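Residues per chain are reported as follows:
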Amino acid sequence: MNSFRHRHISVFGLPALVLLITAAGCSSADGSASAAVPSPGAKAAELCQNLDKVLPAKVDGAGREDPSPASTLTAGWGDPAIILRCGVVRPTKMSDPKVAEGRDDDAVAGGVNGVRWLMEEDGDGGYRFTTALRRAYVEVSVPESRDSSSVLIDLASAVKKAIPEGIAD
């Protein structure tokens, strides 16, 4: 018996299902990358749109190939894709004193060219970096085949130009 036959999708269930499918990050049929689009507040969204305008055409030598769905809050470069998402939620590891003290094996705080980042392993051999002390959180996912230091160097000037220092709302 199909257990879904007698269930109804509520008004609240459908958006949750859509969010779950989007967050899963499955590739589309044409082979392009996909990324869940963040839902920041108005101030952060404006900063993120400004960031989109100044992002480099190339990162780690790879040309820009934005993920789907298209959004000014996401960007991508190369294959496997380096994915940038702007306006993400503050990572819980940013509040962990072990990270600040350098005692967490899975997350490290540091900086590159004037931009501070939280680095976390993504579980697939790559890394996820999230800006710290900026008015909007910018997350960059770097697959294991890419040079993460080169990626952060390439993105630093755009982040500094578009996302002012401070604490995100």
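Cut-offs and rules
- Residues numbered from 1 in each chain as written.
- Predicted model: local features only at pLDDT ≥ 70, side-chain atom pairs only at ≥ 80, totals over all residues.
- Heavy atoms only, no water.
- Helix = DSSP H or I, 4+ residues; strand = E, 2+ residues; numbered from the N terminus.
- Buried < 20%, exposed > 50% of the residue type's maximum accessible area, 1.4 Å probe, protein only.
- Contact = heavy atoms within 4.5 Å.
- Areas by Shrake-Rupley, 256 points an atom, 1.4 Å probe, with all protein chains shown as cover.
- Pairing = 2+ DSSP bridges.
- Axes fitted to C-alpha atoms, helices over the stretch in contact; angles between N-to-C directions.
- Parallel < 35°, antiparallel > 145°, perpendicular 65-115°, else oblique.
- Left-handed = near helix turned anticlockwise from the far one by under 90°.
- Nonpolar A, V, L, I, M, F, W, Y, C, P; charged D, E, K, R; others polar.

A. Spatial organisation of the overall build of the protein. The helix and strand tally for the protein stands at 4 helices and 8 strands. If you list the helices and strands of the protein from N to C, you get α-α-β-β-β-β-α-β-β-β-β-α. The burial tally for the protein puts 38% of its 169 residues in the buried class. Here the analysis covers contacts within the protein between residues at least 6 apart in sequence; of these, 54% occur between residues at least 24 apart. Put simply, the protein shows about 9900 Å² of open surface, and 54% of that area lies on carbon and sulfur atoms.

B. Broad picture of the sheet that holds strand 4 (residues 82-86). With respect to topology, 6 strands assemble into an open sheet ordered 3-4-8-7-6-5, the strand pairing being antiparallel. Taken across any chain shown, the strands that pair with only one partner, and hence form the sheet edges, are strand 3 (74-77) and strand 5 (107-112). Between one strand axis and the next, the sheet turns by 20° as a mean value, whatever way the strands run. With 4 bridges joining them, strand 4 and strand 8 (residues 138-142) adopt antiparallel strand pairing. By the bridge assignment for strand 8, Ile 83 is matched with Ser 141.

C. Looking closely at the packing of helix 2 (residues 42-54) against helix 4 (residues 148-162). Taken N-terminus to C-terminus, the directions of helix 2 and helix 4 make an angle of 140°; their axes are 9 Å apart at the nearest point. Classified by the interaxial angle, the pair formed by helix 2 and helix 4 is oblique. As for how helix 2 packs across helix 4, the hand of that crossing is right-handed. Contact residues: helix 2 offers Leu 47, Asn 50, Leu 51 and Val 54, while helix 4 offers Ala 158, Val 159, Lys 161 and Ala 162. Of the residues belonging to the contact of helix 2 with helix 4, the class tally is 6 nonpolar, 1 polar and 1 charged.

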